[in-house]
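Structural characterization, general
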Amino acid sequence: MLPFEIGIKDIIDIVLVALMLYYIYRLMKESRSLNVFIGIMVFVLIWLFVSQVMEMRLLGSIMDKLVSVGVIGLIILFQEEIRKFLYSLGAHQRVRALTRFFTPSHKTPEEDKSTIMPIVMACMSMGKSKTGALIVIERAIVLDDIVDTGEPVDAKISQRLIENVFFKNSPLHDGAMIISKKRIKAAGCILPVSHNYDIPKELGLRHRAAMGISQSSDALAIVVSEETGRISVALKGEFRLRLSAEELESVLAREMN
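So, here's what we can say about the structure. Bear in mind the structure is a predicted one, so any value in this text is a computation, not a measurement. (Residues numbered from 1 in each chain as written. Predicted model: local features only at pLDDT ≥ 70, side-chain atom pairs only at ≥ 80, totals over all residues. Heavy atoms only, no water.)

Of regular secondary structure, the protein chain possesses ten helices and seven strands. Looking at the protein chain residue by residue over its 257 residues, the buried ones come to 33%. Excluding contacts between residues fewer than 6 apart, the proportion of contacts in the protein chain whose partners are at least 24 apart in sequence is 61%. Per element, the accessible surface of the protein chain, about 16,800 Å² overall, is 63% carbon and sulfur. (Helix = DSSP H or I, 4+ residues; strand = E, 2+ residues; numbered from the N terminus. Buried < 20%, exposed > 50% of the residue type's maximum accessible area, 1.4 Å probe, protein only. Contact = heavy atoms within 4.5 Å. Areas by Shrake-Rupley, 256 points an atom, 1.4 Å probe, with all protein chains shown as cover.)

For Ser232, the position within the fold is in strand β6 (residues 231-235). Excluding anything up to four places from it in sequence, Ser232 contacts His207, Ala221, Ile222, Val223, Arg240, Leu241 and Arg242.

Moving on, we get to helix α10 (residues 245-255). Buried within α10 we find Leu248, Val251, Leu252 and Glu255. Axial view of α10: buried residues confined to an arc of 95 degrees, hence all on one face. (Arc of directions from axis to C-beta.)

The terminal C-alpha atoms of helix α9 (residues 205-216) lie 16 Å apart, and with twelve residues this matches the ideal 16 Å at 1.5 Å per residue to within 8%. Turning to α9, its buried residues number three or more, namely Arg206, His207, Ala209, Ala210, Met211, Gly212, Ile213 and Ser214. (Expected span 1.5 Å × (residues − 1).)

On to the pattern of salt bridges. One pass over the structure, following the stated rule, counts six salt bridges. In this structure, Arg139 engages Glu255 in a salt bridge whose closest nitrogen and oxygen atoms are separated by 3.1 Å. Highlighted residues: Arg139 in the loop between β1 (133-137) and α7 (144-147) and Glu255 in helix α10, separated in sequence by 116 residues. Both residues of the pair, Arg139 and Glu255, belong to the buried class. Put simply, Glu255 and Arg254 hold a salt bridge, and the shortest N to O gap is 3.6 Å. (Salt bridge = Lys/Arg side-chain N within 4 Å of Asp/Glu carboxyl O.)

Let us look at the sheet that holds β1. An order of β2-β4-β3-β1-β5-β6-β7 is seen for the seven strands of this open sheet, with the pairing classed as mixed. Looking at the sheet topology across the chains shown, the edges are occupied by β2 (151-156) and β7 (238-240). The mean inter-strand angle of the sheet, taken between neighbouring strand axes irrespective of direction, is 25 degrees. For β6 and β7, the ladder comprises three bridges, and the chain directions are antiparallel. (Pairing = 2+ DSSP bridges. Axes fitted to C-alpha atoms, helices over the stretch in contact; angles between N-to-C directions.)

Once that is clear, we can look at the pairing of β6. For β6, a buried count of five out of five residues is recorded, marking the element as mostly surrounded by other parts of the structure. Across the two faces of β6 the burial is the same, with Ile231, Val233 and Leu235 and Ser232 and Ala234 all buried. Across four bridges, the pairing between strand β5 (residues 220-224) and β6 is antiparallel. Across the sheet, residue Val223 finds its bridge partner in β6, namely Ser232. Hairpin remark: β5 followed by β6, antiparallel, with six residues in the connecting loop; positive phi at Gly229, about 80 degrees. Linking two consecutive strands that pair antiparallel, namely β6 and β7, is a turn of two residues; a positive phi of about 55 degrees is found at Lys236 within it.

Right, let's get into the pairing of strand β4 (residues 183-189). The sheet contact formed by β2 and β4 spans four bridges and is antiparallel. Considered in β4, the bridge of Lys156 is made with Arg183. Two elements, strand β3 (residues 176-180) and β4, share four bridges in a ladder whose sense is antiparallel. Following the sheet pairing, Ser180 is matched in β4 by Arg183. Once β3 ends, the chain turns through two residues before running back antiparallel as β4, passing Lys181 with a positive phi of about 55 degrees.

Let us now look at the nonpolar core. Ile119, Ile135, Ile137, Ile162, Ile222, Leu248 and Leu252 are the most contacted members of the largest nonpolar core, which totals 28 residues. Per-element accounting of this core gives the leading share, six residues, to helix α6 (residues 109-128). Ranked by size, the runner-up nonpolar core spans 17 residues in total, among them Leu134, Val136, Ala219 and Ala221. (Core = buried A, V, L, I, M, F, W, Y, C linked by side-chain atoms within 4.5 Å.)

Most peptide bonds are trans, and most residues other than glycine sit at a negative phi. Unlike most non-glycine residues, Lys130 shows phi in positive territory, near 55 degrees. Take Lys130: it is sitting in the loop between α6 and β1. Despite not being glycine, Lys236 has its phi angle at roughly 55 degrees, a positive value. Structurally, Lys236 can be placed in the loop between β6 and β7. Given a relative accessible area of 48%, Lys236 falls into the partly exposed group.

Moving on to the side chain of Ser225. Structurally, Ser225 is set in the loop between β5 and β6. Leave out the neighbours within four places in its chain, and Ser225 touches Lys130, Gly132, His207 and Arg230.

Set out below in structure tokens:
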């Protein structure tokens, strides 16, 4: 007979802990912090063995203090990974669907078109002239920290204004344009750059910046390549490359809030 009984609740508990550890393992592997994760797990196992199995009070109390302080240190060390985890949780399809249920959209097709078409036409025009551009469209997560890095604009979305901002002699053409609540909020903004090694080498800094903002928020980023004139979209940490005008319009109509 076993010294302890295992019930349904215990099995669920073990499965949930296993899933949590697996997800943390994947997260650490993606952020190239796998060795740190392994080191933490080894320390936790030693701590449990010393305090629970061997019942060494002195060493166990010292390790208890280290664990309590170490939790704060881990939060500081892995703040980006924790933010990414919470973002992915909030951006889950079922959670987003529940949010939309309580806050239904009242947009009309005409309102959508007046917002989307100037962006599409500007991107196509800049693509033909091989004018580099980076446009970030804010969605649920507010991008005020990104807006503060650029120059405030607060103007109605228009094709001519977008093209003038990214004109090669414009002082703001190297930064990103932020669009929020159907208005151009700022230009010349600085974005976090992704260091993902899976990004093709032929894609430049604008593409890496677009990927960076799509990984750290739910924003949609449009890139017009200065070398090829091709249009790409970064969303949820993934690229959609070589989009036509119809494909770009379809993406914006589906993903813009």
